[in-house]
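Residues per chain, in single letters:
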Amino acid sequence: MSIKIIRAGILATVQDSGRTGFRSIGVGSAGAMDLFAMKASNYLCGNDGNEAVIEINFPAPEILFEQDAIVSITGADFSANINDNPVLPWRTLLVKKGSVLKFKRPVSGARAYLAVSGGWQSGKWLGSYSTHLKLSVGGHSGRALQKDDTISFPAANNFFGNKILPAFIPGAELEKVYQPANNIRCLPAPEYAMLTESNKRKLEQLQFVISHQSDRMGYRLKNEPLMPEQPFELLSSAVDMGTIQLLPDGTTIILMADHQTTGGYPRVATVIKTDLPKLAQASPGQALNFTMICLAEAETCYTNMQRSLEEIKQACHLNLKMILSLD
Amino acid sequence: MALQEVLQQKHFKGFIETVPAYASLAIFYDMVKVTANYPIHTTVYDFVRDFTEQSLNALVGFSSQHTKPPISLPVHYNGEDLIGLANLHHLSAEEVIKIHTGKIVRVFMIGFLPGFAYMGKVDDRIATARLVSPRAVVKPGSVGIAGSQTGIYPLASPGGWQLIGQTPIKIFDSKKETPCFFQAGDLVQFVAISKKEFDQLNEY
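In this text the structure is predicted, and so the values were computed from the model without any measurement.

### Description of the overall build of chain A
Working step 1: If you tally the helices and strands in chain A, you get five helices and 20 strands.
Working step 2: Here the C-alpha radius of gyration of chain A, 20 Å, is about what a compact globule of 327 residues would show, namely 20 Å.
Working step 3: With respect to the three principal axes, the spread of C-alpha positions in chain A is 70 × 40 × 35 Å.
Working step 4: Expressed as a percentage of its 327 residues, the buried residues of chain A come to 56%.

This is the structure we're talking about:
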């Protein structure tokens with residue numbers, strides 16, 4: 001039971017929700033950039049949230065299904081087609097043996113997620129399927145998918161004979177997560193206090209444009225320079241996905257999923273976890289605005305998002321129960 | 001370091017991991033799990049902070065389990081910057097080696113790359129600023145100095161540390177169950193070896 005990559009994309013990697021417990025030896029979490037889309041794609045296939053998915057950038061790979069499969073595509077809309085018929089994102093898809101999945105053009109977003117019922121079978125390293133590109137471990141041989149790679153998945157039940165109700169994620173749920181796309185909420189980070197009062201205001205007033213020097217490690221931002229109160233020397237300390245660092249030239253960088261575990265640049269703000277999916281779907285050229293919020297609000301946002309995900313999971317699993325025998 | 005040890009032994013439900021650094025300890029936690037397990041009066045952050053402060057207070061009289069003897073690490077002192085660094089400090093290469101091997105250093109933190117151990121402090125006589133222009137590629141196993149820190153590149157990587165030697169020991173091996181040779185807090189003593197010994201021990 002497998003799929004075959006018949007044409008490679010620019011960067012398609014196997015990811016899950018990331019690696020935990022190894023930051024203290026310098027191994028970061030990696031994992032899907034957009035954890036909301038990644039979990040939703042799993043739920044739509046009847047999986048738990050943490051099965052391995054394929055994170056796809058555009059140009060995307062072309063994929064041949066060598067067996068029947070229950071899949072879903074979430075996150076970015078790259079105009080997915082199966083056998084040249086457009087298919088809808090954010091819903092359960094039944095794919096017949098011999099079908100070819102292609103992504104025609106980028107419509108919106110930056111990263112699509114392809115999940116399969118039962119999860120893609122790939123390499124686990126330190127408890128996670130996520131591809132660690134630097135160490136070449138985890139996921140599919142620790143690297144991006146190439147032409148002729150095959151990835152296995154568990155056999156799907158004979159579902160085509162059954163009447164099933166494909167699950168889908170309502171547009172209103174997606175609106176809540178991804179809109180307004182440019183407004184990114186942040187908390188003050190440990191070195192926020194090093195900024196002058198006028199720079200603190202600028203952090204919320206200026207536009208921060210995502211540059212082309214942006215990848216899974218971080219997004220370099222172009223902005224009118226910010227400066228700390230005084231020249232600084234910092235001892236390295238922990239950073240996380242969403243940490244906004246101030247570089248010596250006054251520009252900024254937002255660390256993303258493949259970030260280093262520690263850094264020595266001042267950490268001026270931290271993007272709240274709830275807004276990381278928006279960032280994951282942002283592309284070079286896009287302008288961001290930061291809004292500072294308080295901790296209590298950030299925690300409420302996160303709790304609400306987790307609650308939404310739990311509801312999505314229940315709803316999806318209810319629809320798919322007949323074919324997936326989840327009990 | 002002691003706080004990290006205490007938190008690893010006795011932590012709250014929802015605790016994920018810690019990242020020790022020079023002068024800080026970052027604590028990662030799962031907000032949803034903490035909320036499900038404890039009555040939260042203000043924010044989850046406040047709960048974790050209070051828990052951590054109590055753990056800190058309990059540290060009075062704490063004696064660390066971390067009493068491993070120093071780890072001996074063989075180094076062949078042939079680095080590209082050894083002579084330049086020696087000249088800068090008006091020392092001979094032999095004196096630099098003697099000073100570098102003569103002081104036991106501590107692993108302050110691991111970061112930058114998987115397994116990259118920041119160790120120190122080196123003797124003031126060999127403390128040296130980073131290269132003005134970093135190298136595009138530093139070989140794995142390279143031993144360097146940056147300011148009063150010394151460290152080893154676990155993987156091939158760009159880098160600006162002054163390279164004085166090379167260890168034959170693989171200090172990060174993803175195939176091992178415990179991939180990282182060092183832990184923060186470890187004591188390390190460098191031991192000079194010859195080219196021949198290096199070749200015999202070489203794990204790369």
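From this point, the narrative continues.
### Thoughts on the packing of aromatic side chains
Residues and elements named next belong to chain A.
Working step 1: Evaluated as defined, the whole model comprises 23 aromatic pairs over all chains.
Working step 2: Centre to centre, the rings of Trp120 and Phe153 are 5.6 Å apart; their planes meet at 90 degrees, and the pair counts as edge-to-face. Separated by 33 residues along the polypeptide, Trp120 in the loop between strand E10 (108-116) and strand E11 (150-152) and Phe153 in the loop between E11 and helix H2 (171-178) bring together distant segments of the chain. The pair formed by Trp120 and Phe153 is uniform in burial state, with each residue classed as buried.

### A short note on the pairing of strand E9 (residues 100-103) of chain A
Residues and elements named next belong to chain A.
Working step 1: In terms of strand pairing, strand E4 (residues 62-65) meets E9 through two bridges, oriented antiparallel. Following the sheet pairing, Ile63 is matched in E9 by Leu101.
Working step 2: In this structure, strand E6 (residues 80-82) lies alongside E9, joined through three bridges in antiparallel fashion. Across the sheet, Ala80 pairs through a bridge with Phe103, a residue of E9.

### Notes on the environment of A:Lys147
Working step 1: By the element assignment, A:Lys147 lies in the loop between E10 and E11.
Working step 2: Residues A:Lys147 and A:Ala315 lie 168 residues apart in sequence; the distance between their C-alpha atoms is 36 Å.

### Notes on helix H5 (residues 93-102) of chain B
Working step 1: The complete set of buried residues in H5(B) reads B:Ala93, B:Val96, B:Ile97, B:Ile99, B:His100 and B:Thr101.
Working step 2: Residues of H5(B) that are buried sit in contact with helix H4 (82-88), strand E7 (142-146), strand E8 (149-152), strand E10 (162-166) and strand E11 (187-192) of chain B.

### So, the pattern of salt bridges
Working step 1: Summed over all chains, the structure comprises 21 salt bridges over all chains.
Working step 2: Notably, a salt bridge pairs A:Asp149 with A:Arg143, separated by 2.8 Å at the nearest N-O pair.
Working step 3: In this structure A:Asp149 comes out as buried when scored by relative accessible area, which is 8%.
Working step 4: Since its relative accessible area comes to 24%, A:Arg143 is described here as partly exposed.
Working step 5: Between A:Asp148 and A:Lys147 there is a salt bridge; the shortest N-O distance is 3.8 Å.
Working step 6: Classification of A:Lys147 by relative accessible area gives exposed; the value is 51%.
Working step 7: Among the ionic contacts, a cluster of salt bridges with common partners joins A:Arg23, A:Asp240 and B:Glu17.

### Let's talk about the sheet that holds strand E8 (residues 92-95) of chain A
All names here are of chain A.
Working step 1: With antiparallel pairing, the five strands of this open sheet are ordered in space as E2-E3-E10-E5-E8. Taken across any chain shown, the strands that pair with only one partner, and hence form the sheet edges, are strand E2 (12-15) and E8. The sheet shows a mean angle of 30 degrees between the axes of neighbouring strands, taken without regard to direction.
Working step 2: In the sheet, strand E5 (residues 69-77) pairs with E10 via six bridges, with the strands oriented antiparallel. Pairing of Ile73 across the sheet is with Leu114, part of E10.
Working step 3: In the packing of helix H1 (residues 35-44) onto the sheet, contacts are made with strand E3 (53-56), E5, E8 and E10, and the angle to E5 comes to roughly 155 degrees.

Cut-off values and rules
- Sequence order sets the numbering: in each chain, residues are counted from 1 along the sequence as written.
- Throughout, the order in which chains and ligands are written sets their labels, letters from A for the former and numbers from 1 for the latter.
- Local features are withheld for residues below a pLDDT of 70 in this predicted model, meaning they are given only at 70 or higher, and side-chain atom pairs are given and counted only at 80 or more; totals for whole chains, interfaces and linings count all residues.
- Each side-chain value is derived from all of the structure's non-hydrogen atoms; neither hydrogens nor water enter the calculation.
- We count a stretch as a helix when DSSP gives it H or I for four or more residues in a row; a strand needs E for two or more, and each element gets its number in order from the N terminus.
- A radius of gyration in this sense is built from C-alpha atoms; the matching globule rule multiplies 2.2 Å by the number of residues raised to 0.38.
- Remark: exposure states derive from per-residue accessible area (1.4 Å probe, protein chains only) relative to the maximum for the residue type, with buried under 20%, exposed over 50%, and partly exposed in between.
- Ring pairs are drawn from Phe, Tyr and Trp, using the six-membered ring of Trp, whenever the two centres fall within 6.5 Å, and their geometry is named by plane angle: stacked under 30 degrees, edge-to-face over 60, tilted for the rest.
- The pairing criterion for strands is at least two bridges between them, as found by DSSP.
- Contact definition: two residues touch when any of their heavy atoms are within 4.5 Å.
- Here, a salt bridge means any Lys or Arg side-chain nitrogen found within 4 Å of an Asp or Glu carboxyl oxygen.
- For every element, the axis is a line fit to its C-alpha atoms; helices are fit only across the contacting stretch, and the angle between N-to-C directions ranges from 0 to 180 degrees.

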